Amino acid sequence: IELPRKYCRFYFMTLCGCERAKCWFWHVPDQGDEKICMAILRTYIDIKDSGLLKRAVQIFVKYYREVLPGVDFTSQVLNDLLVSLLDNCLLWEVFQILNVTVQINTLVAVDVLLKVFEHVASLNVRDAVPTLISTFCKLIDAGMFLEFEHFDCIVKFLHQLQVSSQQINTVLNIKSRYVFKKLLYNFIFLVPSLGFAHIYPLPSSQHCKEKSDWTKLGALYVNARTGCEHCDDLQKLSLCVAEILTRDSETDRPGVPFCDFADAVIKNSQHNEGDRIFIGRTGISVMYSYHKELQWIKGRKVLDKLHELHVDFTVLKGLKGAERLASRCQIVNKAAEIFLKTGSLDGAMWVLRESEWTTNGLLWPCDKMDILNRHNLLCSLVDKYLKKSLYRQAFEVLQNLPGLQNCSDGVNVSQYSCLFNKLINACFESKNLGVSSSAVDFMLSKNIAVDIFLLRGLITALGRSSLWSKARTYYKSALSLGCYLPLQGNFSHKLLMIPSYLSEVEMLLAVEIFLVSNASDIQSPIAPNQTLQIILKRCEDQTVQNNSDYQAAVERLILAARLSDPKLFLKHTTMNVNMEEVYSLELTSALKWLQENMKWAGEVWLF
């Protein structure tokens, strides 16, 4: 076998295997290497060594727990592996393989299953009977169909093992289901008037359709489903029921037949998971038909019924038409749109959350149109939440825009800047600092541009709310993003120039940086001979004649000194040639501030 370099040759190519405590090479084939996986299994089967067969089980189980069978999967290899395990008396390994096949919806050959029963009976391994019966039931539920003579052989082996009557009855009850086979051919979809002309239509079924007795139809479906011996029969049954129910979208009749039908199926199904899956898949098809005809209310009733019955349709596909090939993203988009069209924001959020906001993925690929529709859907949802001032919900939606949680969506997330800034602005107007802070954190983590004025506003609001730690964090981020012009002045000569457009909070944070930068000099023995100067710089539009804005800035600077803990004291010294106020910062107050705050301030501002 030609193995890629990333595979461990000791593990795959030797009898003793890999003995390294920590191996850097792969011991499980990659997802796209199913052909290599099959080749390895075939080789181990042909060698017939029990150690290699156990290793084959490990490889099979680990590989197919992560990957669904693809085009290179070979049923013959699976069946041969099971037979080889039986020949080597590796019974528990057989059960491991069978349990995995159930999970990946891949059935083994019937004669192999019979060999397992025969092996257990011939060796009288009674301890294995509970596991054997449980595995058998799982295979039947997964779709394995047996002829009556096969059931007879299994019952014979169980009698040979002298098992309990309860265990034998489990098999006999499954056999009894096949008595209803003929009922399938008499089911309602064979009625000529429905376009499914066939044999032996039942008058009662015709009556069921004409009287719109969808409850009776549901009960009849369950009986027919239990009598389906072949998978093709069950497929026909399911498709035709879906066809009957979706045709209601072409009429203007009141009521939604699917709802009564689904209630009847769940009521009569005795907790059969297959029936729940059928209801989910049928519900998707019916929903699509109503969506196509713009019958939003009826579509909403279908979704409400699925929610009521706890059917997670977001992990299923439809039964017919385009919805059978639709991506998970598209199905969720349709459902959420129906909820939005009927005014249910909670319903739309329920669908999106249930689907874990899935867009594109290996198991659920979608196309660019699905991504675009999801984008438009979420934008509409955000807009509605903002109008209702539900900012936390709006933020949750924004976080799950295409590309933000899944890089494979192929979306440039920088385009979302306006949406996030719109949320932050709305939060400001409502003084909701919690959501606005969370939104800024998220934007910074995703490299989404934050509006400079909004970020400055958040810093100011946090400071005014005494949330200084957060304010300092964002001020530091704003400096690194270039939101502020570099602080002018000569730190080595103890001079700080503060732009007059800053708020009192921003001014105080600038002063804090100034103090920390000059801490060693302020705390030195010669400090009393030094002067710390602060110049309040005028903006270009603040002329001497129009002095009101500048005077307001003077008041903010004085307020900033008072906000400090401990307070800082400023002394007005002069006015320079540019008509700008010059202040000196009292060294005693600066020294006291450093003594009380330097421990945390040094960690925050020395960057």
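About the thresholds
Residues numbered from 1 in each chain as written. Predicted model: local features only at pLDDT ≥ 70, side-chain atom pairs only at ≥ 80, totals over all residues. Heavy atoms only, no water. Helix = DSSP H or I, 4+ residues; strand = E, 2+ residues; numbered from the N terminus. Buried < 20%, exposed > 50% of the residue type's maximum accessible area, 1.4 Å probe, protein only. Contact = heavy atoms within 4.5 Å. Areas by Shrake-Rupley, 256 points an atom, 1.4 Å probe, with all protein chains shown as cover. Pairing = 2+ DSSP bridges. Axes fitted to C-alpha atoms, helices over the stretch in contact; angles between N-to-C directions. Salt bridge = Lys/Arg side-chain N within 4 Å of Asp/Glu carboxyl O. Patch = residues over 30% accessible without salt bridge, like charges linked within 9 Å, V, L, I, M, F, W, Y side chains within 5 Å. Expected span 1.5 Å × (residues − 1).

## Quick notes on the overall build of the chain
Thinking step 1. A count of helical and extended segments in the chain gives 28 helices and 4 strands.
Thinking step 2. With 607 residues in all, the chain has 50% of them scored as buried.
Thinking step 3. Nonlocal contacts in the chain, meaning residues at least 24 apart in sequence, comprise 67% of its contacts between residues at least 6 apart.
Thinking step 4. Accessible surface for the chain amounts to roughly 30,000 Å². Of this, 52% is attributable to carbon and sulfur atoms.

## Here's the deal with the sheet that holds strand E2 (residues 532–537)
Thinking step 1. The strand order across the open sheet built from 4 strands is E1-E2-E4-E3, with neighbouring strands paired in mixed fashion. Each edge of the sheet is formed by a strand with only one pairing partner; in this case those strands are strand E1 (495–499) and strand E3 (570–575). Mean inter-strand twist for the sheet, computed between neighbouring axes without regard to direction, equals 30°.
Thinking step 2. Pairing geometry for E3 and strand E4 (residues 581–585), over 5 bridges, is antiparallel. The residue bridging histidine 572 from the neighbouring strand is tyrosine 583, located in E4.
Thinking step 3. Where helix H27 (residues 548–563) meets the sheet, its contacts fall on E1, E2, E3 and E4, and the angle it forms with E2 comes to roughly 145°.

## Digging into the side chain of serine 327
Thinking step 1. Position of serine 327 relative to the elements: it lies in the loop between helix H16 (296–308) and helix H17 (328–341).
Thinking step 2. Excluding residues that lie within four positions of it along the chain, serine 327 makes contacts with Lys317, Pro365, Cys366 and Asp370.

## Looking at the pattern of salt bridges
Thinking step 1. This model, assessed by the stated rule, comprises 14 salt bridges.
Thinking step 2. Counted as one network, the salt bridges with shared partners bring together Arg42, Asp46 and Asp80.

## Here's the deal with the environment of valine 315
Thinking step 1. Along the chain, valine 315 turns up in the loop between H16 and H17.
Thinking step 2. Taking the relative accessible area as the measure of exposure, valine 315 reaches 40% and is therefore partly exposed.
Thinking step 3. Separated by 38 residues in sequence, valine 315 and isoleucine 277 have C-alpha atoms that sit 9.6 Å apart.
Thinking step 4. Aside from chain neighbours lying at most four places away, what touches valine 315 is Arg328 and Trp364.

## A word on the side chain of threonine 246
Thinking step 1. Examined against the element boundaries, threonine 246 turns out to sit in helix H13 (residues 231–246).
Thinking step 2. A relative accessible area of 5% places threonine 246 in the buried class.
Thinking step 3. Setting aside its immediate chain neighbours within four residues, threonine 246 contacts Ser285, Val286, Ser289 and Lys320.

## Some remarks on a nonpolar patch on the surface
Thinking step 1. Side chains of Leu68, Leu362 and Leu363 sit close together on the surface and give an oily, nonpolar patch of about 370 Å² of accessible area.
Thinking step 2. Relative to the assigned elements, leucine 363 resides in the loop between helix H18 (345–354) and helix H19 (368–387).

## Considering helix H23 (residues 452–464)
Thinking step 1. Compared with an ideal rise of 1.5 Å per residue, which puts 13 residues at 18 Å, H23 spans 18 Å between its outermost C-alpha atoms and is within 8% of the ideal.
Thinking step 2. Listed in full, the buried residues belonging to H23 are Leu454, Leu455, Arg456, Leu458, Ile459, Thr460, Leu462 and Gly463.
Thinking step 3. The elements touched by buried residues of H23 are helix H21 (417–429), helix H22 (433–445), helix H24 (468–480) and helix H25 (504–517).
Thinking step 4. Downstream of H23 by a residue or two, serine 466 has a phi angle that is positive, lying close to 65°.

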